[in-house]
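Structure at a glance
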Amino acid sequence: EDLNARETRGNFEAWRDTMADRPRTADYAMTVAARLLSWAFKAGKLDVNRLAHADRLYNADRSELVWTPAKIAALEAAAYPELRDAFRFALYTMQREGDCVVFGRQHVKDGRFRIRQQKTGAIAVGPVLAPVQAIIDRAPKDRLEFLGARSGKKWGADHLRHEFRKACSKAGLPEMHFHDARGTGITMAVAAGWDAGQIAAMSGLTLTESSRIIESYFARGALDAAWPENPYRTESGNRGGNRDVQN
């Protein structure tokens, strides 16, 4: 591969984003790669260091980085339909990208979903909110997974991250990542009045983690009116999870 090519940075960022659940590790790997390219540039082996001033994933507190309506509108204007569906799916199921891309008909029954999360093995259970049901309704009947790439094939988590990062850059939102949709969904549920048990059941977090998120939300006087249209409100106090959550 020509490391002078313009797409070099995007390719490295896509590789880094495969470690998005370990942001410090991802940033360290990117730093090492940038130093190698810097050495090659100074040694005259490259015309340019495409990783100079590379963005970092790690932020001491990403809880402030939520998808507000303005950001959602900008992203959806920049994204193609299949990418918008993947984003909405994460936003309204509280699931990670690796779980979103395998989410299928076997996980849904009677208006609820149940899925074992790949990262932790936790069982996530929750209501199928209206935006997710709309995606399910228009998914091809001959495809097991509800989400698919623009090619019509199944999404790969790495491919989804790469495409999403390009859409964020196009929308002028380089600081946002796909995994922030999960956190935003949890924040929207808090704003809608969900309790720690409901959030733990749907997100796969423990009760302790969910309680900490709720405390953080109210401590920063957060975003009660940020989402005039919040699908989580239709489920507030109605249908929490029905699994045993961990403390």
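In what follows, the accompanying structure is described. (Residues numbered from 1 in each chain as written. Predicted model: local features only at pLDDT ≥ 70, side-chain atom pairs only at ≥ 80, totals over all residues. Heavy atoms only, no water.)

**A short note on the sheet that holds strand β2 (residues 112-116)**
With respect to topology, three strands assemble into an open sheet ordered β1-β2-β3, the strand pairing being antiparallel. Here the strands that pair on one side only, and so sit at the sheet edges, are β1 (108-109) and β3 (123-127). As paired strands, β1 and β2 are joined by two bridges and run antiparallel to one another. By the bridge assignment, K109 is partnered in β2 with R112. Across the sheet, helix α9 (residues 196-203) lies against β2 and β3, angled at about 115° from β3, the strand it touches most. (Pairing = 2+ DSSP bridges. Helix = DSSP H or I, 4+ residues; strand = E, 2+ residues; numbered from the N terminus. Contact = heavy atoms within 4.5 Å. Axes fitted to C-alpha atoms, helices over the stretch in contact; angles between N-to-C directions.)

**Focus: the nonpolar core**
Residues W67, W155 and Y232 are the most contacted members of the largest nonpolar core, which totals 54 residues. For this core, the secondary-structure elements that each account for two or more residues are α3 (69-78), α4 (81-93), β2, α6 (130-138), α7 (157-170), α8 (180-191), α9 and α10 (207-219). The dominant element in this core, judged by the number of residues it contributes, is α4, at seven residues. For W67, the contacting residues outside a window of four places in its chain are I72, L75, F87, F164, C168, L173, M176, H177, D180, A181, T184 and W227. Membership of the second largest hydrophobic core comes to eight residues, among which are F12, A33, L37 and L46. (Core = buried A, V, L, I, M, F, W, Y, C linked by side-chain atoms within 4.5 Å. Buried < 20%, exposed > 50% of the residue type's maximum accessible area, 1.4 Å probe, protein only.)

**Digging into a nonpolar patch on the surface**
Together, Y28, V32 and L36 make up a nonpolar patch on the protein surface, roughly 330 Å² of accessible area in all. Assignment of secondary structure puts L36 in helix α2 (residues 23-42). (Patch = residues over 30% accessible without salt bridge, like charges linked within 9 Å, V, L, I, M, F, W, Y side chains within 5 Å. Areas by Shrake-Rupley, 256 points an atom, 1.4 Å probe, with all protein chains shown as cover. Salt bridge = Lys/Arg side-chain N within 4 Å of Asp/Glu carboxyl O.)

**Some thoughts on the side chain of E76**
Positionally, E76 belongs in helix α3. Judged by its relative accessible area of 18%, E76 falls in the buried class. Not counting chain neighbours up to four residues away, the residues in contact with E76 comprise R84, F87 and R88.

**Some details on the pairing of β3**
Most of β3 is tucked away: five of the five residues are buried. Direction of pairing for β2 relative to β3: antiparallel, over a ladder of five bridges. In the strand pairing of β3, F113 is matched with G126.

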